[in-house]
Amino acid sequence: MAMIDEGETDWKIIAIDVTDPLANEMNDIEDVNEHMPGFLQATHEWFKIYKIPDGKPANKFAFNGEAKNKKFATDVIAKTHQQWQALVSKTVECGNLSCENVGVAGSPYLIPQQDASAEVDKATPPAAALPIPPEVDKWHYVKI
């Protein structure tokens, strides 16, 4: 599903754990409708309304909210992986993104683990946890 979040596409990939009893039956998106009727509609509805209790508008979707098939999803994953590879290999400009890493072989941004640890150590230590406000436990009902 292609949710539009603050003007950018926020891809939602529908997947199943290989140990799930239905895993052998679920090979593409149409199998979800066949074996779990209503699941895709409920998932779409949840992603559409989950920010409303925070005072935000309902989320919008590309493709009329349709969950695309396996080939489409794997093509999106491959494309976004290529974009990530271009960033960490410095074949495109990173802008304000920090691409330093400790594990991407051949990356010009590769830094030693000790340098990464030193950067983390320079950061302000986390403060004590704040008390949880009571509105966290407030229930919201949304009617569309």
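Report on the accompanying structure.

### Quick word on the packing of aromatic side chains
Here's step 1: In total, this model carries six aromatic pairs according to the counting rule given.
Here's step 2: Seen from their ring centres, Trp46 and Phe47 are 5.1 Å apart, and the 75° between their planes marks the pair as edge-to-face.
Here's step 3: Judged by its relative accessible area of 17%, Phe47 is buried.
Here's step 4: Residues Phe47 and Tyr50 carry aromatic rings whose centres are separated by 6.1 Å and whose planes lie at 80° to one another, so their mutual orientation is edge-to-face.
Here's step 5: Tyr50 gets classed as partly exposed once you look at its relative accessible area, which sits at 29%.
Here's step 6: Among the aromatic side chains, those forming a connected cluster through ring pairs are Trp11, Phe63 and Phe72.
Here's step 7: Over the aromatic face of Phe72 sits the side chain of Lys68, whose NZ or CZ is 5.3 Å from the ring centroid.

### Focus: helix α3 (residues 70-88)
Here's step 1: Taking 1.5 Å per residue, 19 residues should reach 27 Å; α3 reaches 27 Å between its end C-alpha atoms and fits that length.
Here's step 2: Considered for burial, the residues of α3 that qualify are Val76, Ala86 and Val88.
Here's step 3: At its buried positions, α3 is contacted by β2 (8-11).
Here's step 4: If you check the start of α3, you find a side-chain oxygen 3.3 Å away from the backbone N of Lys71, and it comes from Asn69.
Here's step 5: In the segment just after α3, Lys90 is the residue with positive phi, at about 65°.

What counts and how
Residues numbered from 1 in each chain as written. Predicted model: local features only at pLDDT ≥ 70, side-chain atom pairs only at ≥ 80, totals over all residues. Heavy atoms only, no water. Phe/Tyr/Trp six-rings, centres within 6.5 Å; stacked < 30°, edge-to-face > 60°. Buried < 20%, exposed > 50% of the residue type's maximum accessible area, 1.4 Å probe, protein only. Lys NZ or Arg CZ within 6 Å of the ring centre and 35° of its normal. Helix = DSSP H or I, 4+ residues; strand = E, 2+ residues; numbered from the N terminus. Expected span 1.5 Å × (residues − 1). Contact = heavy atoms within 4.5 Å. Polar contact = N/O pair within 3.5 Å; in protein donor to acceptor, adjacent residues only side chain to side chain.

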